[in-house]
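So the chains spell out like this:
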Amino acid sequence: LSMKSFGLECRLQPLPARMSKGNQSESSVVRIGHSLNEAEKGHVSSRRESVLQCLLQHNIHCSPEEVPNIALLGSGGGERALLGLMGSLVQLFKEGLLDCMMYLCGVSGSTWCMASLYKEPDWSCRLEEVKDDIIQRLTGDGVSFTDKLSILEKYYQKDNFSLTDIWAALVISEVVKEIDENPLSHQRSKHSKDPYPIYTVIDKQSNREKMKADVFFEITAHEVGYSITGAFVDSSCFGCQFDEGVKKKNQPEMEMLYLQGLCGSVFADLEKTMEELLILIKKLFWRESDVTCNHTSLSPPHLNEVYRVTLTLVELNLLFFREEDTSSHIEILNDLLRGKLNKEKYETVITLQMMPEGIARKKIQEQTLYVCQLYSDWLQKQLNYNGLWMVVIKCIELATRWIWGTTYNFLYNMTAPEVSPCILKKETRHYEDAGIFINSPYFSVLRKERHIDLIISLDFSDDDPFKTVVQTAETCKELHIPFPKVHISEQDKQTPKDFYVFESHHAPTVIHIPLFNIINCEGEVRKWKRRYRTFQQPYSCEMIHDLLEKAEKTILKSHHHENGSLDQAVLTLDQ
């Protein structure tokens, strides 16, 4: 992965002028158009000087107008991606290549790394120091239960509380070992010497409805919006209520912890979510049962009742999900609810265990929601209570409905021919982890206005390390977006090499680098994949340092590659 491997010596051509379709609107006004916002243009313009100097250090000479745009992509992969991207960036820094990167883009776990880095102004100038601080935090004690409760209760006050808030407060904080309450917009003007960061998610409804052009949603410190469609709003207004393009109601600005939950929820499933709710219920009960701490306004009998009902309800759902015997829990729930349920609902609970699975699943969902509503009304109206047990009940309801990433739609009720009517007519949208669709942020840098010459794709995926680039090539073909042809042999899928080059005329060149490959794993790719699974507890200190070393080695081997395949690729690029 040398400057020569970028294939730039003979490819440098003046970039097209960055044309803007009108001036940047005020922050509360929606912007329809494909041009970059003025703040990003300014960042890219100033960053170009750093790239130019980096090129000169590698004996590549060009004018400021000829500086190429290089985008570095980090795929998803949970904590493996967090550490993989960190190690890769550190080695790029050591090799003097990091300053060549114009953009740094991530999905899922890679965004956790980005969120940590961009807390620090101009982090790329002192990356070793910043990395040590992050690793010290990741190997530390983590976030207290009290702090998790506090942020969960804070998020509950929003108009659109969803499972994303719960996931961020309870799970992401446990993985990244911190609660970062800084708004995303606070990163503005602090990173003139760093690559421009882009976080990527997808629009869940558009993905479900197969509206591929409207799926890709990008988030930057300055602006958020639909990458391919061309519809944006100031990031400080993301989540505010809009109507006909005008902001009607403010909402709390998106914080970095929530952003990490929004980007990194692909490994959430019903079982994991319910398990987290069980932990929450038990710890909250123990905390509020402590008579020495005045944490609750509920009397002991009422506290005990709401605890037993919520605990039994979650355990019942877990048992049903795992296809285990639910009869004892149904009996317990019947006893707890006797006198509170009407006859029809009471009989529904009794007969659940005798129904076919599909019908029983629907009935248990209905019953769970009914009990949640019943106890929510009881706590609020009869006991005048609106504390943390209301949050717990809402969490159970959201898990039952499986509602993620609910956000006010800034395009609601607009007249915009460029935007699909399906998006315009919904007051809220649901955003989620982009890894559910394509586990790498290609489409944020494939916006033609960004004029990307080279994409360096770091793949930290758990399964097929080529799935992301193959899916991107196929989707680009459907959407008529220039992208190189991608062909991967069956042997490469089983035993991937350390890097691949894909290129074609009138499209960005793509260098694709799998984290675990036959070079840096010395033929033991499966062993390393088994050790670093996506769905597991936070890594130990030893695992963290081993993975960082492996990621650094991947870049090091690519830079100092000895076989002739890279040279042949460069010759082809130069031609």
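Residues numbered from 1 in each chain as written. Predicted model: local features only at pLDDT ≥ 70, side-chain atom pairs only at ≥ 80, totals over all residues. Heavy atoms only, no water.

Under an unreviewed UniProt entry, the name given to the chain is Cytosolic phospholipase A2 zeta-like, and the source organism is Triplophysa rosa.

(A) Expanded view of the overall build of the chain. Along the chain, the regular secondary structure elements total 21 helices and 14 strands. For the chain, with 575 residues in total, the buried portion stands at 59%. The contacts in the chain between residues at least 6 apart in sequence include a share of 75% that link residues at least 24 apart. With the model as given, the accessible surface of the chain reaches about 24,000 Å², and the carbon-plus-sulfur share is 48%. (Helix = DSSP H or I, 4+ residues; strand = E, 2+ residues; numbered from the N terminus. Buried < 20%, exposed > 50% of the residue type's maximum accessible area, 1.4 Å probe, protein only. Contact = heavy atoms within 4.5 Å. Areas by Shrake-Rupley, 256 points an atom, 1.4 Å probe, with all protein chains shown as cover.)

(B) Summary view of the nonpolar core. Counting 180 residues, the largest nonpolar core has Leu89, Tyr103, Leu117, Ile219, Trp389 and Leu411 as its most contacted members. The contacts of Ile219, once residues within four sequence positions are left out, are Leu184, Pro197, Ile198, Tyr199, Val201, Val224, Met254, Leu259 and Leu262. (Core = buried A, V, L, I, M, F, W, Y, C linked by side-chain atoms within 4.5 Å.)

(C) Broad picture of the pairing of strand β6 (residues 223–226). For strand β5 (residues 216–219) and β6, the ladder comprises three bridges, and the chain directions are antiparallel. Across the sheet, the residue bridging to Glu218 is Gly225, located in β6. Where β5 hands over to β6, the hairpin turn is made up of three residues, counted between the paired strands. As judged from the four bridges shared by β6 and strand β7 (residues 231–234), these two strands associate in the antiparallel manner. Bridge pairing in β7 links Tyr226 to Ala231. The turn joining β6 and β7, which pair antiparallel and follow one another in sequence, is formed by four residues; a positive phi near 90° is taken by Gly230. (Pairing = 2+ DSSP bridges.)

(D) How the structure looks around the packing of aromatic side chains. Within the structure shown, the criterion is met by 23 aromatic pairs. Each ring, one from Tyr118 and one from Trp123, has its centre 5.4 Å from the other, and the planes form 80°; the classification is edge-to-face. Take Tyr118: its relative accessible area is 1%, and that puts it in the buried class. Pairwise contacts between aromatic rings join Phe217, Tyr226, Phe238, Phe410 and Tyr431 into one cluster. The ring of Tyr155 carries the charged tip of Lys158 above its face, separated from the ring centre by 5.4 Å. The lysine or arginine in question, Lys158, covers the ring of Tyr258, its NZ or CZ lying 4.0 Å from the ring centre. (Phe/Tyr/Trp six-rings, centres within 6.5 Å; stacked < 30°, edge-to-face > 60°. Lys NZ or Arg CZ within 6 Å of the ring centre and 35° of its normal.)

(E) Representation of the layout of surface pockets. Taken as a whole, the second largest pocket spans an internal volume of roughly 550 Å³. Together, 26 residues line the second largest pocket, and Val171, Glu174, Lys272, Glu276 and Gln537 are the ones closest to its centre. For the lining of the second largest pocket, the secondary-structure elements that each account for two or more residues are α2 (78–94), α5 (145–156), α6 (163–176) and α9 (270–289). Per-element tally for the lining of the second largest pocket: the top contributor is α9, with seven residues. Grouping the constituent residues of the lining of the second largest pocket by class yields twelve nonpolar, four polar and ten charged. (1 Å grid on protein atoms, 1.4 Å probe; cavity = no way out; pocket = protein on both sides within 12 Å on 5 of 7 lines; lining within 4 Å. Points joined across faces, edges and corners; volume = space filled by probe spheres on them. Nonpolar A, V, L, I, M, F, W, Y, C, P; charged D, E, K, R; others polar.)

(F) Just unusual backbone geometry, in detail. Here Ser108, not a glycine, exhibits a phi torsion of approximately 50°, which is positive. Looking at the element boundaries, Ser108 is found in the loop between β3 (103–106) and α3 (109–117). Here Ser108 falls in the buried class, since its relative accessible area comes to 1%. Of note in this structure, Asn384 is not a glycine but carries a positive phi near 55°. Tracing the backbone shows Asn384 in the loop between α13 (357–382) and α14 (388–401). In this structure Asn384 comes out as exposed when scored by relative accessible area, which is 71%.

(G) Fine view of the pattern of salt bridges. On inspection of all chains with the given rule, the structure shows 35 salt bridges. A salt bridge links Glu271 to Arg322; the shortest N-O distance between them is 2.8 Å. Pair noted here: Glu271 is in helix α9 and Arg322 is in the loop between α10 (300–321) and α11 (327–337), with a separation of 51 residues, a long-range link. Accessibility expressed as a relative area gives 24% for Glu271, which makes it partly exposed. Put simply, Asp546 and Arg531 hold a salt bridge, and the shortest N to O gap is 3.0 Å. One end of the pair, Asp546, is in helix α20 (residues 541–559); the other, Arg531, is in helix α19 (residues 525–531), with 15 residues separating them in the sequence. A relative accessible area of 23% means that Asp546 is categorised as partly exposed. Through salt bridges with shared partners, one network takes in Glu40, Glu218, Arg447, Glu449 and Arg450. (Salt bridge = Lys/Arg side-chain N within 4 Å of Asp/Glu carboxyl O.)

(H) Region of interest: the confidence of the model for the chain. Averaged over all residues, the pLDDT of the chain equals 87, while 88% of them reach at least 70. Of all helices and strands in the chain, the one with the weakest mean pLDDT is helix α21 (residues 565–574) (36), whereas β3 scores best (98). Throughout residues 5–25 the model reports pLDDT below 50, and contacts reaching past four residues in sequence, or to other chains, amount to 61 contacts. Here residues 562–575 scores under 50 on pLDDT; set against residues more than four positions off or in separate chains, the count is 22 contacts. (pLDDT = per-residue confidence, 0-100.)

(I) Just empty space enclosed by the protein, in detail. Tallied over the entire structure, the rule returns four cavities of 30 Å³ or more. A volume near 60 Å³ is recorded for the largest cavity. As for the largest cavity, its lining consists of Val107, Thr200, Ile202, Phe216, Ala434, Phe437, Ile438, Ser440, Pro441, Tyr442, Phe443 and Ser444. The set of elements that each furnish at least two residues to the lining of the largest cavity consists of β4 (196–203) and α16 (442–445). For the lining of the largest cavity, the leading source of residues is α16, giving three residues.

(J) Looking closely at the side chain of Thr407. Tracing the sequence through the fold places Thr407 in strand β10 (residues 406–408). Of the polar contacts made by the side chain of Thr407, one reaches the backbone oxygen of Gly405; its length is 3.1 Å. Thr407 has contacts with Asn160, Phe238, Gly239, Tyr258, Glu427, Thr428, Arg429 and Tyr431, leaving out every residue within four places of it along the chain. (Polar contact = N/O pair within 3.5 Å; in protein donor to acceptor, adjacent residues only side chain to side chain.)

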